[in-house]
Amino acid sequence: MRTPQVTTEAPAAARPTGRHAPGNVDPATTEGASGVQSEPASTGVRTRSQHQRRKRIVQAAAALASRGGVEAMQMRTVAERAGVALGTLYRYFPSKMDLVVAVVGEEIDLLESSIERRPPSAVAASGRAVDILMRATRGLMREPELADALIRSLIMAEVETPFGDRMTGLLLRVAGDDLTVETATEEQFALAGSLSSVWVHELLEMLRGRRTYEQIQRRIEIAADRLLADFRPAPSA
């Protein structure tokens, strides 16, 4: 069994900015001298506020990248657009790559919501997998400049990203009747991961103008038919 890669956020690891005025301190990360967060009764309110602020930052970054690629995602510009202090931005995202990973994570969240609302209905495991991968393709291609910037950045990422394991996990879930990364066999994990890699490569080819949507779909169908031909849920323990 394998443990999926997880990108952890460390709000306390703020990058020095030279300014630490009280107004720039995120109350969701404020700790007392003992290292224990104060005012536990307000934790729920702080958590909601923290979540909303993080979402606002990610949306601002995605909007900038959709027009000018990752180069447009300058940390100061993102902070200004999101309406937060630069120091606050660094507490949530210590680097631009952490921010890129979060934007991609938002896209996968949307895909997961789509699966919950409308599960793939194909009888064959390969058909269900193709359904999910083509949904992901359509979602990313709504903003081709953003998709190109994000995929290229993730390939060259210097931080651990959950992208590959999350896509593999989605394929396991739909192709293997709710299999997970933890319950799948080594072979199942490898097969689903290989199909995910084929999809990323084909997506890049389309972004470069070398593939049409129809060509991508056909190539993914062929790969899924071969890779998932004998795909079965793992035996119960």
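Nothing here was measured: the structure is a model prediction, and the numbers come from that model.

## Details of the overall build of the protein
The helix and strand tally for the protein stands at 9 helices and 0 strands. Reading the protein from its N end, one meets helices and strands in the order α-α-α-α-α-α-α-α-α. For the protein, with 237 residues in total, the buried portion stands at 43%. A fraction of 72% describes how many contacts in the protein between residues 6 or more apart in sequence connect residues 24 or more apart. Accessible surface computed for the protein: about 13000 Å², of which carbon and sulfur atoms make up 52%.

## A closer look at helix H5 (residues 125-141)
Between its first and last C-alpha atoms H5 spans 25 Å; for 17 residues at 1.5 Å apiece the expected length is 24 Å, and the two agree. Counting buried residues in H5 gives 13 out of 17 residues, a clear majority hidden from the surface.

## A few points about the packing of aromatic side chains
Aromatic ring pairs are defined here through the distance separating the ring centres and the angle between the ring planes. Going through the model one piece at a time under the given rule, you end up with 1 aromatic pair. Seen from their ring centres, Tyr92 and Phe93 are 6.5 Å apart, and the 35 degrees between their planes marks the pair as tilted. Comparing Tyr92 with Phe93 shows no difference in burial state: the two are buried.

## Concerning helix H2 (residues 75-82)
Counting along an α-helix, one turn takes 3.6 residues, and residues three or four places apart therefore face a common direction. Turning to H2, its buried residues are Met75, Val78, Ala79 and Ala82. For H2, the buried positions fall inside an angular range of 100 degrees around the axis, keeping them on one side. Pointing more than 90 degrees away from the buried face of H2 are the exposed residues Arg76 and Glu80. Backbone geometry just after H2 places Gly83 at a positive phi near 75 degrees.

## So, the UniProt feature "DNA-binding region" (unreviewed entry) in the protein
The positions UniProt marks with the feature "DNA-binding region" (unreviewed entry) are residues 74-93. Secondary structure across residues 74-93 comprises 75% helix and 0% strand; the distance between its end C-alpha atoms is 12 Å.

## Examining the layout of surface pockets
One number sums up the size of the largest pocket: a volume of about 300 Å³. Lining the largest pocket are 17 residues, with Gln59, Ala62, Glu106, Glu107 and Leu110 sitting closest to its centre. Looking at the lining of the largest pocket, the element that brings in the most residues is helix H1 (residues 43-68), giving 6 residues. Its residues assigned to classes, the lining of the largest pocket comprises 8 nonpolar, 3 polar and 6 charged.

## Focus: the confidence of the model for the protein
Here the protein shows a mean pLDDT of 77. Residues at 70 or above account for 74%. No element of the protein has a lower mean pLDDT than helix H6 (residues 144-155), which averages 72, and none a higher one than helix H9 (residues 213-227), which averages 96. A low-confidence stretch, residues 1-42 stays under pLDDT 50, and its non-local contacts, those more than four residues away or across chains, total 58 contacts.

## Let's talk about the side chain of Glu205
Here Glu205 shows up in helix H8 (residues 186-207). Among the residues examined, Glu205 registers a relative accessible area of 7% and is labelled buried.

## Structural notes on the packing of helix H7 (residues 163-175) against H8
As a packed pair, H7 and H8 sit with axes 9 Å apart at the nearest point and diverge in direction by 115 degrees. Of the two possible hands of crossing, H7 and H8 adopt the one that is right-handed. Residues Phe163, Gly164, Asp165, Met167, Thr168, Leu171 and Leu172 of H7 form the contact with H8, whose participating residues are Gln188, Phe189, Ala192, Gly193, Leu195, Ser196, Trp199 and Val200. The residue inventory of the contact of H7 with H8, partitioned by class, reads 9 nonpolar, 5 polar and 1 charged.

Conventions and cut-offs
Residue positions within a chain follow its written sequence, with the count starting from 1. For a predicted model such as this one, the threshold for reporting local features is a pLDDT of at least 70, and the threshold for listing and counting side-chain atom pairs is 80 or more; totals across whole chains, interfaces and linings nevertheless cover every residue. Side-chain descriptors were evaluated using all non-hydrogen atoms of the structure, hydrogens and water having been removed beforehand. Secondary structure follows DSSP: runs of H or I at least 4 residues long count as helices, runs of E at least 2 residues long count as strands, and numbering of each begins at the N terminus. Each residue's exposure class comes from its accessible area (1.4 Å probe, protein chains only) as a fraction of the maximum for that residue type: buried when under 20%, exposed when over 50%, partly exposed otherwise. Residues count as neighbours in contact if any of their non-hydrogen atoms are within 4.5 Å of one another. Only the protein chains shown count as cover for residues, and the accessible areas themselves come from Shrake-Rupley with a 1.4 Å probe. To estimate how far a helix should extend, the number of its residues minus one is multiplied by 1.5 Å. Two aromatic rings, drawn from Phe, Tyr or Trp (for Trp, its six-membered ring), form a pair once their centres lie within 6.5 Å of each other, and the interplanar angle then sorts them: stacked below 30 degrees, edge-to-face above 60, tilted otherwise. Comment: arc refers to directions from the helix axis out to C-beta atoms. UniProt positions are given in the numbering used here, feature names are shortened, and annotations may be inferred rather than shown by experiment. Using a grid of 1 Å spacing that covers the protein atoms alone, one calls a set of points a cavity when a 1.4 Å probe fits there but cannot get out, and a pocket when the set is open and has protein on both sides within 12 Å along at least five of seven lines; lining residues are those with an atom within 4 Å of a point. Grid points are joined across faces, edges and corners, and a volume is the space filled by probe spheres set on the points. Three categories are distinguished: nonpolar for Ala, Val, Leu, Ile, Met, Phe, Trp, Tyr, Cys and Pro, charged for Asp, Glu, Lys and Arg, and polar for the others, with Gly belonging to the last. Per-residue confidence from the prediction method is given by pLDDT, with values spanning 0 to 100. All axes are obtained by fitting lines to C-alpha atoms, using only the stretch in contact for helices, and the reported angles, taken between N-to-C directions, cover 0 to 180 degrees. The handedness criterion is simple: a crossing whose near helix is rotated anticlockwise from the far helix by less than a right angle is left-handed, and one whose near helix is rotated clockwise is right-handed.

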